[in-house]
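# Architecture at a glance
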Amino acid sequence: MTDTDRAVPMLQMEGITKRFPGVLANDSVDLTVLPGQVHTLLGENGAGKSTLMKVLYGLYRPDEGTIRLDGEPVSITSPSDAINRGIGMIHQHFMLVPTLTVAENVALGLGGRAGLSDMRPVRQRLAEVSERYGLHVNPDAYIWQLAVGERQRAEILKALYRDARLLVLDEPTAVLTPPEVEELFVTLRQMTADDKGLVFISHKLHEVMELSDEITVLRDGRVSGQTRPSESTRESLAELMVGRPVELTRNVAATERGEQRLAITGLNVIGDRGNTAVKNFDLAVHSGEIVGLAGVSGNGQRELADAIFGLRPIRSGQIAIDGEPVTAPTPRSVRQRGVAYVPEERMVEGAIGDFTVAENLLLVDYHQPPYTRRGLLNRSAISSWCNRLVENYRVKTPDIETPTKNLSGGNIQKVVIAREFTCDAEVLVVAQPTRGVDIGAAEYIHERLLEQREAGAAILLISEDLDEVIQLSDRVVVVLEGQIMGEVDRADATPRSIGLLMSGVRDGEASASAD
Amino acid sequence: MSEFFTVSVLVATLAGGIRLATPFLLAALGETLGQRSGVLNLGVEGVMLIGAFAAYYTALETGSTVAGIAVAIGIGAVMGLIYAFLTVVMHAEQGISGIGIFLFGLGFTDLLFQKQVGTPLPIPGVGKAPIPILSDIPHLGEIFFDHNPLVYLAFLLVPIMWFVVNKTTFGLNVRAIGQTPEAADTLGVSVNLTRTFTIVIANCFAGLAGAALALEVGIFQQNLTAGQGFIAIALVYFGAWRMPWVMSGALLFGVVSSTVLQWKTLGIVSGPSSSLLAMAPAILTILVLVLVSRRVSAPAALTRPFDRAG
Ligand SMILES: Nc1ncnc2c1ncn2[C@@H]1O[C@H](COP(=O)(O)OP(=O)(O)OP(=O)(O)O)[C@@H](O)[C@H]1O
Ligand SMILES: [Mg+2]
């Protein structure tokens, strides 16, 4: 027994059961968090992690079970209740108002002197908090202008600003780069040193091994195991999650690369802030090839993908598909040329939350036979196709008529992937395909990606996950500030070679900076 | 023709524009607040009618215009609570509920008028209250500072409402829940309570707008508002949900209407062409709407009811 066992648990969740129509999301779950501890919740997509935390945060009412804080039974009926009791939560999907500034998002719900929302004190305290935890973001920037990594920092600041004692972090690292994750961990360790309690959720096993004091594994809403990093390995954790042994590494056979499919020459794209986000970009992707685009988020990847897909105007340069330039691209015209796109922000660009799973699966093809005949939707063709996709891609949902927003985060990603991988595209632009996806499903998505490559698709894989890029790509192109820093072949691609390029150090240069 | 261009006509036209703009400016300011919080209320016209009748009838019975205004605002608040119950609590479809409120207001005021009043008796109305000194400025004084108090109030409410939306915590909540109610909810902002407030305030404004109209013309008749409530809604879009822009739209609409009236009075236009010209303000609004609406997007959560799942 360690000394922490003597401390009074700051949180005890006992026998929590939460049902949704057709789903038992939590089945008599217990969770205990001690002050100064990081308690990790691990589990496949749809295992019930977010649900359990939303119960704690007062967003869901449990059907059964009790919650104790510092030993006292409490009933948490609303988020403000939770906030007042010192609970903070960083949600899996951004809970930020895009049309407000960072400071305004932070100040939201806090009240102000005499009912006035004066941003000056907020900015000041925000600067202190940012400084203390090393989370830098411009307080006056609008959220819609921020890159995903910056948004996550704003999200974390929101909770830190409120001085939470018990902080829930629902997949906070899913959108962070490795160096950002390291920074976050420094922050989190500082918090545990202050005797705060943390509940940490992540699908990345090396993070879990590095950070956790305790690990609770959920499977199908039930606790399938409780362990500690010292008593487990990545393989044993994966097996607890999935219920079977999982291959964590893979060898990819080289294939012949075919004709050039996607050609980008001299491309310049303007970003949201009026800056040149993509600068003089040249890139070619061939049939049967996966080109990995590695780089810290916010270096022009999003703008590049948006431009290819016609979601963002091109300043100058050219994008050609199969040798023919794309003029005045729109998402539909680009799709007709055989391009599919898995966007980085699936909740915003990839899927429509209020639509059913079936509707999201058909967003692209609904207007074509057999799903539509003479302008009418063909129900039976639709449902048999959708049911097949749901089964093949192991989307966990009660049925295809469930609103997509009710799915767990990873399962929404699977819906988008299923749709984009099955529309027979010749060019696939895939951004962060396994972000927030559990290892079982990531394994599956990687298999499907390689299958597409085998079938001759030209794939541009935009990812911050170095392991993923290195495992799958035939070539890795590294971007920094909208420009190509360098290119590495499969044989030479190592975390070190790519990591150096990502941080702006070219081959042979000792410590040159990017500009 | 030459006398039309004389300064005095121009002054009268501009002053008239400001006066005519007052009712729909008031209604539009309220509607802007409501829409910023994510609630569309198509019932403005109906509430304006009810407010107009309430103000008229109260003034007729008590002889007090102040009492008339107070009753109109109070009844607006009641209508707001009803609308909030329908849309915020019951999640009724906002478009349909608003049209229901409009039809109710139209029929109900007509019925009450027939039963309670019958023949249109004039009421004293609100008199002009020239602002000392300022109203003596040549021309400008007459255009801007020689109106009834409700006109001043309406234009004074523009900066006030701007301040409320942009500089208070209530306004911050409103802007947040109109865009991303889920995010506001996770920070303890009560989405539905805040929306109830904005709906009640918006309907008080609509009631006051009706009172302004009835007390201005000093009479009530069936369908007195003649579409002004719908103009107010259009102005919200025209103004891209920004108070100063909404005011600009109201002024533009008011001045064009006033010009048309002047031309008719002066006999510059008559007969069929004058009826055609009467559509000018509406057509102008549509044109500007088409041009403006491309640029600005509505609050993302507009017409979307909020409910926390589970
Ligand atoms: N509001 C809701 N209505 C209906 N079903 C829901 C709702 N929220 C969650 N569920 C269901 O409950 C189950 C657990 O979902 P939850 O979001 O807790 O999973 P998770 O473990 O967080 O997964 P992920 O790793 O993908 O985020 C899923 O099957 C999901 O579809
Ligand atoms: Mg989750």
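For every chain, the first residue of the written sequence is number 1, and numbering continues from 1 along that sequence. Chain A is the first chain written and ligand 1 is the first ligand written, with later ones labelled in order. Under the rules for a predicted model, residues below a pLDDT of 70 receive no local features and side-chain atom pairs below 80 are neither given nor counted, while totals for whole chains, interfaces and linings still include all residues. Side-chain calculation: all heavy atoms of the structure are included, whereas hydrogens and water are not.

Helix and strand counts for chain A come out as 17 helices and 22 strands. The globule rule is 2.2 Å times the number of residues to the power 0.38, and the radius of gyration it is compared with is taken over C-alpha atoms. A compact globule built from 515 residues would reach a C-alpha radius of gyration of about 24 Å, and chain A, at 23 Å, matches this within 12%. Taking the principal axes of the C-alpha coordinates as reference, chain A spans close to 70 × 55 × 50 Å. Between buried and exposed lies partly exposed: a residue is buried under 20% and exposed over 50% of the maximum accessible area for its type, with that area taken using a 1.4 Å probe on protein chains only. Buried residues in chain A amount to 57% of all 515 residues. By definition in these notes, contact holds between two residues if any of their heavy atoms fall within 4.5 Å. By sequence separation, contacts in chain A at least 24 residues apart represent 68% of the contacts at least 6 residues apart. Summing over all exposed atoms, chain A offers an accessible surface of approximately 21500 Å²; the carbon and sulfur share of this is 48%. Working convention for charge: Lys and Arg count positive, Asp and Glu count negative, and His plus the chain ends are omitted. Think of each charge as sitting on NZ of Lys, CZ of Arg, CG of Asp or CD of Glu. Each charge class in chain A can be summarised by its mean position, and for the 54 positive and 73 negative side chains these summaries are 5 Å apart. Only DSSP runs of H or I covering at least 4 residues are called helices, and only runs of E covering at least 2 are called strands; the numbering of each starts at the N terminus. In this description, accessible areas are obtained by the Shrake-Rupley approach with a 1.4 Å probe, and a residue is regarded as covered only by the protein chains that are shown.

Next up on the list: the overall build of chain B. The number of helices and strands found in chain B is 13 helices and 0 strands. Listing the helices and strands of chain B from first to last along the sequence gives α-α-α-α-α-α-α-α-α-α-α-α-α. Expected size for 310 residues packed as a compact globule is a radius of gyration near 19 Å; at 20 Å, chain B falls within 12% of this value. Taken along the three principal axes of its C-alpha coordinates, chain B extends 70 × 45 × 45 Å. If you average the places of the 13 positive and of the 13 negative side-chain charges in chain B, the two averages end up 11 Å apart.

All names here are of chain A. Residues are counted as near a molecule or strand when any one of their heavy atoms sits within 4 Å of it. Taken together, 21 residues sit near ligand 1, with Gly 46, Lys 49, Ser 50, Thr 51 and Ser 408 positioned nearest. The separation between an oxygen atom of ligand 1 and a polar main-chain atom of Gly 409 is 3.4 Å. Burial of ligand 1 by the surrounding chains reaches 94%, relative to a free accessible area of 640 Å². Elements represented by at least two residues in the shell around ligand 1 include exactly β2 (23-33), α1 (49-56) and α14 (409-421). Of the residues forming the shell around ligand 1, the biggest block, 3 residues, is contributed by α1. Think of it as three bins: nonpolar holds Ala, Val, Leu, Ile, Met, Phe, Trp, Tyr, Cys and Pro, charged holds Asp, Glu, Lys and Arg, and polar takes everything else, Gly as well. Of the residues contributing to the shell around ligand 1, the split by class is 7 nonpolar, 11 polar and 3 charged. The definition of a polar contact used here is a pair of N or O atoms within 3.5 Å, where within protein one atom must be able to donate a hydrogen and the other to accept one, and adjacent residues in sequence count solely through side-chain atom pairs.

Residues and elements named next belong to chain A. As for its placement among the helices and strands, Ser 287 is situated in the loop between β12 (276-286) and β13 (289-294). Here the side chain of Ser 287 touches Gly 456 through a polar contact of 2.8 Å, landing on its backbone oxygen. Look past the residues within four positions of Ser 287 in its chain and what remains in contact with it is Glu 256, Arg 257, Gly 258, Glu 259, Arg 261, Gly 456, Ala 457 and Ala 458.

What follows concerns the environment of Leu42(A). Its place among the elements puts Leu42(A) in strand β3 (residues 38-43). For the pair Leu42(A) and Asp438(A), spaced 396 residues apart in the sequence, the C-alpha separation amounts to 9.2 Å.

As a rule, N, O and S atoms within 2.8 Å of a metal are its donors, except that Na, K and Ca use 3.2 Å; water is not among the atoms, so sites may look incomplete. Looking at the metal site, the magnesium ion (ligand 2) is ligated by Ser50(A) (OG) and Gln92(A) (OE1), spaced 2.0 to 2.1 Å from it. Note that Ser50(A) is positioned in helix α1 and Gln92(A) in the loop between β6 (87-90) and α3 (102-107), a separation of 42 residues in sequence.

This part covers the packing of aromatic side chains. Classification of ring pairs uses Phe, Tyr and Trp, with its six-membered ring standing for Trp, and accepts pairs whose centres are within 6.5 Å; under 30 degrees between planes counts as stacked, over 60 as edge-to-face, and the remaining range as tilted. If you walk through the whole model with that rule in mind, you get 16 aromatic pairs over all chains. Taking the centre distance of 6.5 Å and the plane angle of 20° together, the rings of Tyr142(A) and Trp144(A) count as stacked. According to the relative accessible area criterion, Tyr142(A) is partly exposed, its value standing at 36%. Overall, the relative accessible area of 40% leaves Trp144(A) in the partly exposed class. The interplanar angle of 55° and the centroid separation of 5.5 Å between the aromatic rings of Phe113(B) and Phe220(B) together place this pair among those described as tilted.

Okay, the interface of chain A and chain B next. On the side of chain B, 24 residues touch chain A, which itself brings 33 residues to the contact. By buried area we mean the combined loss of accessible area, with a 1.4 Å probe, across both parts when two parts are placed together. Carbon and sulfur atoms make up 65% of the area that chain A and chain B hide from each other, which totals about 2000 Å². Among the residues chain A hides against chain B, the three largest losses belong to Met95(A), Leu108(A) and Ser117(A). Together they make up 25% of the total. Salt bridges are defined by distance alone: a side-chain nitrogen of Lys or Arg within 4 Å of a carboxyl oxygen of Asp or Glu. In this structure, the connection of chain A to chain B is made through 1 salt bridge. For Glu104(A), the salt bridge goes to Arg175(B), with nearest N and O atoms at 3.1 Å. Between chain A and chain B we count 4 residue pairs in polar contact (both at pLDDT 80 or more) in total. Residue assignment for the side of chain A that touches chain B shows that the elements contributing at least two residues are β1 (11-20), α2 (79-84) and α3 of chain A. Its residues assigned to classes, the side of chain A that touches chain B shows 15 nonpolar, 12 polar and 6 charged.

Residues and elements named next belong to chain A. Two strands are counted as paired when DSSP detects at least two bridges linking them. Pairing within the open sheet is mixed, and its 6 strands lie in the order β6-β7-β8-β3-β9-β10. In this open sheet, the two strands that pair with only one neighbour each are β6 and β10 (222-227). Taken over all neighbouring pairs, the strand axes of this sheet differ in orientation by 20° on average, direction set aside. In this structure, β3 lies alongside strand β8 (residues 197-201), joined through 4 bridges in parallel fashion. Axis definition: a line fit to C-alpha positions, over the contact stretch in the case of helices; interaxial angles, taken between N-to-C directions, run 0 to 180 degrees.

So, about the pairing of strand β20 (residues 458-463) of chain A. All names here are of chain A. Among the 6 residues in β20, 6 count as buried, and that is most of the element. Burial along β20 is two-sided: Ala 458, Leu 460 and Ile 462 facing one way and Ile 459, Leu 461 and Ser 463 facing the other are all buried. Of the pairings in the sheet, the one linking β13 to β20 comprises 6 bridges and is parallel in character. Bridge pairing in β20 links Leu 293 to Ile 462. Pairing analysis gives 5 bridges linking strand β19 (residues 427-431) to β20, with the strands arranged parallel. Residue pairing for β20: Val 430 is matched across the bridge by Leu 461. When the strands point away from the viewer and the path from the first strand over the helix to the second turns clockwise, the crossover is right-handed. Handedness of the crossover joining β19 and β20 through helix α15 (residues 439-454) is recorded here as right-handed.

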